[in-house]
2 protein chains.
Amino acid sequence: MTVGDPAPADLSGRRSTRQRSALVALLEELDEFRSAQDLHALLRARGDAVGLATVYRTLQSLVDDGQLDVLRSTDGEAAYRRCSPSHHHHLVCRSCGRTVEVADPPVERWAARMAAEHGFTDVQHQVEVFGTCAACTTAPS
Amino acid sequence: MTVGDPAPADLSGRRSTRQRSALVALLEELDEFRSAQDLHALLRARGDAVGLATVYRTLQSLVDDGQLDVLRSTDGEAAYRRCSPSHHHHLVCRSCGRTVEVADPPVERWAARMAAEHGFTDVQHQVEVFGTCAACTTAPS
DNA sequence: GATGTTCATGAGAATCATTCTCGCACAGCG
DNA sequence: CGCTGTGCGAGAATGATTCTCATGAACATC
């Protein structure tokens, strides 16, 4: 502490490494929510092997920086996806994982008003709709 | 059966056991979401010792029968709470865990319509609003 | 009440995602 | 070019949840 220590708490002051770049690039190409395990396997499959611990660590930091959306599926696994610029929710197929983004201003307002009425502040809401998409409904399991 | 059947309200022919009754009774007294581990500890504390596996199994069956609400906290732990008769969502204080139930017919309709428009069937939705309640906002952390 | 079938129970092992440990490598800086 | 601290990774640790399977209880029947 006695040494000159500005500690600039810079969110973007992350080092640029091969592993981090590979993960960010992969996420850039994907449109659906994928689990950490999944992303790890995909990286390995494409030749950009990255340690599992690193995947988790990097994912965590990206979430902290607000660059990723996290979703917790009903089986307790966390799924990640790059953040869209605008706020939105998802319609997720519980069979094939296909995701449709849906915007819904009314719900936004509703959540805010509801929270305010009960004295809640610093509000966040989480709206996910799960179902079986048309393709999976017709396809035999 | 010759005696008048008290009808234990078993929806799907579940056997009435001491363990199941104890868990149901406990849930009946609680108003907040509690984790399975938590419920297990509470049962043991009050003398109604029940195996952990049984707690999970019973909780699962109650959820299947629609008698419990499940919530997945951000750390991946599942929390259970008895279900209100009508469908509703929650406003949860992320600091003290206090929960407020909120009904919202508009959102129900919106989710159903949205899903239908995209060809999704067998739809379920999950809406949770997290925030800091009035008490926790004023109180120092 | 006695009895047999079947399902629930529970102790511990197994599973699985996620996090931690800690020695080593490398990015960024002088 | 060499320092220094941060990021990496293999494997161990953690912790919640699920599975295994022998035992016991619940319910219908006799």
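The shown structure was predicted, so the numbers you read here are calculated from the model rather than taken from an experiment. (Residues numbered from 1 in each chain as written. Chains lettered and ligands numbered in written order. Predicted model: local features only at pLDDT ≥ 70, side-chain atom pairs only at ≥ 80, totals over all residues. Heavy atoms only, no water.)

Bringing the overall build of chain A into the picture now. Tallying secondary structure elements over chain A gives five helices and six strands in all. Moving toward the C terminus, one meets the helices and strands of chain A in the order α-β-α-α-β-β-β-β-α-β-α. Counting the 141 residues in chain A, one finds 36% classified as buried. Of the contacts formed within chain A by residues at least 6 apart in sequence, a portion of 47% connects residues at least 24 apart. Of the roughly 8300 Å² that chain A leaves accessible, carbon and sulfur atoms contribute 52%. (Helix = DSSP H or I, 4+ residues; strand = E, 2+ residues; numbered from the N terminus. Buried < 20%, exposed > 50% of the residue type's maximum accessible area, 1.4 Å probe, protein only. Contact = heavy atoms within 4.5 Å. Areas by Shrake-Rupley, 256 points an atom, 1.4 Å probe, with all protein chains shown as cover.)

With that settled, the discussion passes to the UniProt feature "binding site: Fe cation" (unreviewed entry) in chain A. All names here are of chain A. Following the UniProt record, the feature "binding site: Fe cation" (unreviewed entry) maps to His87, Glu108 and His125 here. Within the secondary structure, Glu108 sits in helix 4 (residues 105-117). The exposure class assigned to Glu108 is partly exposed, which follows from its relative accessible area of 22%. Turning to its location among the elements, His125 is positioned in strand 6 (residues 121-132). (UniProt positions renumbered as here; feature names shortened; annotations may be inferred.)

On to the relation of the copies chain B and chain A, then. Note: a rotation about an axis with an accompanying shift along it relates these two copies of the chain. It takes a turn of 180° to lay chain B on chain A, together with a shift of 0.1 Å along the axis; the resulting RMSD is 0.9 Å. In the structure described here, the two chain copies are related by an operation that fits a two-fold rotation axis. In terms of C-alpha distance to the rotation axis, chain B has B:Val127 as its closest residue, with the C-alpha 2.2 Å off the axis. Looking at chain B, 97% of its interface residues are interface residues in chain A too, so the copies touch through the same face. (Least-squares fit on C-alpha atoms with pLDDT ≥ 70 in both.)

Sheets are built from strands paired through backbone hydrogen bonds, the pairs being either parallel or antiparallel. All names here are of chain A. In spatial order, the strands read 1-3-2; together these three strands make up an open sheet with antiparallel pairing. Where the open sheet ends on each side, the last strands, each with one partner, are strand 1 (34-35) and strand 2 (68-72). Here strand 1 runs beside strand 3 (residues 78-82); their pairing, made up of two bridges, is antiparallel. Opposite Ser35, over in strand 3, you have Ala79 as the bridge partner. Across the face of the sheet, helix 3 (residues 52-64) comes into contact with strand 2 and strand 3 while running at roughly 110° to strand 2. (Pairing = 2+ DSSP bridges. Axes fitted to C-alpha atoms, helices over the stretch in contact; angles between N-to-C directions.)

Residue and element names in this part refer to chain B. With respect to the helices and strands, the residue His89 is situated in strand 4 (residues 89-93). A polar side-chain atom of His89 sits 3.2 Å from a polar atom in the side chain of His125. The contact partners of His89, leaving out residues within four places of it in the chain, are Val100, Glu101, Val102, Val107, Glu108, His125 and Val127. (Polar contact = N/O pair within 3.5 Å; in protein donor to acceptor, adjacent residues only side chain to side chain.)

What follows is about the interface of chain B and chain A. At the junction of the two partners, chain B supplies 37 residues and chain A supplies 36 residues. When the two sides are added together, the surface that chain B and chain A hide from each other amounts to roughly 3000 Å², 61% of it contributed by carbon and sulfur. Counting the surface chain B buries against chain A, the share from its top three residues, B:Trp110, B:Phe120 and B:Gln126, is 23%. For the pair chain B and chain A, the number of links is zero salt bridges. Here chain B and chain A share four residue pairs in polar contact (both at pLDDT 80 or more) between them. Elements represented by at least two residues in the side of chain B that touches chain A include exactly strand 4, strand 5 (99-102), helix 4 (105-117), strand 6 (121-132) and helix 5 (134-138) of chain B. The element that contributes the greatest number of residues to the side of chain B that touches chain A is strand 6 of chain B, accounting for twelve residues. Of the residues contributing to the side of chain B that touches chain A, the split by class is 18 nonpolar, twelve polar and seven charged. Looking at chain direction, strand 6 of chain A and strand 6 of chain B are connected through nine bridges and run antiparallel. (Buried area = accessible area lost by both parts, 1.4 Å probe. Salt bridge = Lys/Arg side-chain N within 4 Å of Asp/Glu carboxyl O. Nonpolar A, V, L, I, M, F, W, Y, C, P; charged D, E, K, R; others polar.)

The next thing to look at is the pairing of strand 4 of chain B. All names here are of chain B. Judged by how many residues are buried, strand 4 sits mostly within the fold: five of five residues are covered. Of the two faces of strand 4, the one holding His89, Leu91 and Cys93 and the one holding His90 and Val92 are both buried throughout. Pairing geometry for strand 4 and strand 5, over four bridges, is antiparallel. The residue bridging His89 from the neighbouring strand is Val102, located in strand 5. With four bridges joining them, strand 4 and strand 6 adopt parallel strand pairing. In the sheet register, Cys93 faces strand 6, and the bridge partner there is Gly131.

Our focus in this paragraph is the UniProt feature "binding site: Zn(2+)" (unreviewed entry) in chain A. The UniProt record marks A:Cys93, A:Cys96, A:Cys133 and A:Cys136 with the feature "binding site: Zn(2+)" (unreviewed entry), using the residue numbering of this structure. A maximum C-alpha distance of 8.3 Å places the annotated residues, which cover 44 residues in sequence, within one compact spot. Following the sequence through the fold, A:Cys133 ends up in the loop between strand 6 and helix 5 (134-138). Contact partners of A:Cys133, with chain neighbours within four places excluded, come to A:Cys93, A:Cys96, A:Arg98, B:Gly119 and B:Phe120. For A:Cys136, the location among the structural elements is in helix 5.

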